[in-house]
Amino acid sequence: MKVPLLDLKPQYQQLKDEILAVTEEIYESQYFILGPRVVSLEEDIARYCRCSHAVGVSSGTDALLISLMAARVGQEDRVLTSPYSFFATAGAISRVGARPVFADIDPDTYNLDPESVKQTLSKMSSGERSSIKALIPVHLYGQCADMDPLLGIAREENWVVIEDAAQAIGAEYKGSRAGTMGDTGCFSFFPSKNLGAFGDGGVVTTNSDSLCKRLKILRVHGSAPKYYHRLVGGNFRLDAFQAAIVSVKLNYLDGWTSERQRNAETYRQLFGDAGLEDRITLPVERENRHIYNQFVIRVVSDRDDLRKFLADAGIATEVYYPVPLHLQECFADLGYRKGDFPVAEQAAECSLALPIYPELTRDQQAYVVEKIRDFYTNLS
Ligand SMILES: *Cc1c(COP(=O)(O)O)cnc(C)c1O
């Protein structure tokens, strides 16, 4: 049996007629960049996320970059974030000339641990501490970070909060949707995200009228009106094709999310029956709307051998992420060393993402669990 990590083809088959119809309209209109399709998607996203504004941008990475630019974060500034995320989270900080500062993660949720943030602050000189301008919590795998204590620290320290919600559209924390609790929320429409485009795209959400205005100016090279540049921005524009496709898909997102949640529940049942408690740990659901962009298990040992064994059996898995950000070569000059963030480092060695996409069948899931059990039976 073949079990891919993600198969987007059934989703396309389901929506083919609708997607071909909207894309044909765009061919006929010859209106490709920003425009009415993007405005309409922005309204849909703001409604879905329950916030005031959404600004369509060129990718999730650019959503982070433009948020930092809008918050005037730059040279000499520091930005605190998680060492356990996709590279773009920290890359965006460096690209505006600021310096990433990391704190460790919570072992259950893989999200930034507020206690570790406090510890990190207590070890910094007052000069270093006051140079921190922003916090980027990441809602990893589709579950929100513990926002109340993080927002509390940010308020005390007078930080801007930029949520990296690229993996968490529709996830909730105490009733608030991901991306609406901080100053801005950053989303990605990369095809493997729960709401994916047919190419690159992203969106920034905010409840601030002034930030929304600044984001829209920065998105078009800082010009307002056209050819009069108040700021140095960039080309962060979203195109009409991606916006139209994402608008179509948004109508189906809650259904797909329910299917992902059902698949997570099925894995819990199947793993429960397999008796692998001493070998693997299942994802901990702490917040009440986890959207399962990924279903990440933690294994006690032999992760890479297990991964190879599963690949040989036709089951695709992935490691998100094998090298924590503080140990990436490009950040060597930040001066971090192995051992600085043991929880993130341990996660990098032990985490394994299993297929969880909506159309995955119960038989496929049973096969995944059976093969994992076979692997550990052979080992012992
Ligand atoms: C995907 C992702 C991004 C970047 O989004 P792109 O659209 O690929 O640029 C940023 N942060 C996280 C946590 C992501 O998963």
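Residues numbered from 1 in each chain as written. Predicted model: local features only at pLDDT ≥ 70, side-chain atom pairs only at ≥ 80, totals over all residues. Heavy atoms only, no water.

**Q** How should the pattern of salt bridges be read in this particular structure?
**A** Side-chain pairs of opposite charge can arise where the charged atoms are in close proximity. By the definition in use, this model includes 18 salt bridges. Of the charged contacts, one joins Arg286 and Asp106 as a salt bridge, the two residues approaching to 3.0 Å between their closest N and O atoms. In this pair, Arg286 is assigned in the loop between strand 10 (280-281) and strand 11 (295-299) and Asp106 in the loop between strand 3 (99-102) and helix 5 (114-122), connecting sequence segments 180 residues apart. Among the ionic pairs, Asp312 bridges to Lys308, the shortest N-O distance being 3.0 Å. Placement of both Asp312 and Lys308 in helix 11 (residues 303-312) is noted, with a separation of 4 residues, approximately one turn of the helix. Looking at Lys308, the relative accessible area reads 52%, which means it is exposed. Through salt bridges that share partners, Arg50, Glu172 and Arg177 make up one connected network. (Salt bridge = Lys/Arg side-chain N within 4 Å of Asp/Glu carboxyl O. Helix = DSSP H or I, 4+ residues; strand = E, 2+ residues; numbered from the N terminus. Buried < 20%, exposed > 50% of the residue type's maximum accessible area, 1.4 Å probe, protein only.)

**Q** For this particular structure, what's the right way to read the nonpolar core?
**A** It is characteristic of soluble globular proteins that their nonpolar side chains tend to be buried jointly. Judged by nonpolar contacts, the single largest core of 45 residues is most densely connected at Ile45, Leu80, Val117 and Trp159. Considering every element that reaches this core, the biggest residue donor is helix 2 (residues 36-49), with 6 residues. Residues contacting Ile45, with those up to four places away along its chain left out, are Ala54, Ile169, Phe189, Leu195, Val203, Thr205 and Leu250. (Core = buried A, V, L, I, M, F, W, Y, C linked by side-chain atoms within 4.5 Å. Contact = heavy atoms within 4.5 Å.)

**Q** Quick question: what am I supposed to make of the sheet that holds strand 11 here?
**A** Backbone-to-backbone hydrogen bonds join strands into a sheet, with any given pair of strands oriented parallel or antiparallel. Pairing within the open sheet is antiparallel, and its 3 strands lie in the order 10-11-12. With partners counted over all chains shown, the strands left at the sheet margins are strand 10 and strand 12 (351-354), one partner each. Across the sheet, helix 12 (residues 342-350) is in contact with strand 11 and strand 12; its angle to strand 11 comes to roughly 100°. (Pairing = 2+ DSSP bridges. Axes fitted to C-alpha atoms, helices over the stretch in contact; angles between N-to-C directions.)

**Q** I tried to follow the site of the ligand on my own but got confused; where do I start?
**A** Contacts to the ligand come from 15 residues, most closely from Gly60, Thr61, Asp164, Ser188 and Lys193. Separating an oxygen atom of the ligand from a side-chain N or O atom of Thr61 is a distance of 2.5 Å. Lys193 places a polar side-chain atom, nitrogen or oxygen, 2.9 Å from an oxygen atom of the ligand. The cavity where the ligand resides is the second largest pocket. If you list the elements that add at least two residues to the shell around the ligand, you get helix 3 (60-70) and helix 4 (88-95). Its residues assigned to classes, the shell around the ligand shows 5 nonpolar, 8 polar and 2 charged. (Near = heavy atom within 4 Å. Polar contact = N/O pair within 3.5 Å; in protein donor to acceptor, adjacent residues only side chain to side chain. 1 Å grid on protein atoms, 1.4 Å probe; cavity = no way out; pocket = protein on both sides within 12 Å on 5 of 7 lines; lining within 4 Å. Sits in = over half its atoms within 2 Å of the grid points. Nonpolar A, V, L, I, M, F, W, Y, C, P; charged D, E, K, R; others polar.)

**Q** What am I meant to see in the domain arrangement of the protein chain here?
**A** Many analyses report the size of an interface as the accessible area lost when the parts associate. When its domains are assigned, the protein chain resolves into domain 1 (9-250) and domain 2 (253-379). Averaged C-alpha coordinates put domain 1 and domain 2 at centres separated by 25 Å. Every contact between the two is made by 46 residues of domain 1 and, on the other side, 36 residues of domain 2. The largest contributions to the domain 1 side of the interface with domain 2 come from Tyr84, Tyr141 and Asn194, which together make up 19% of the buried area. The interface formed by domain 1 and domain 2 contains 29 residue pairs in polar contact (both at pLDDT 80 or more). Listed by contribution, the elements that provide at least two residues to the side of domain 1 that touches domain 2 are helix 1 (9-29), helix 4, strand 3, strand 6 (172-173) and helix 9 (240-250). Here the residues of the side of domain 1 that touches domain 2 are counted per class, giving 24 nonpolar, 13 polar and 9 charged. (Domains from an automatic or database assignment. Buried area = accessible area lost by both parts, 1.4 Å probe.)

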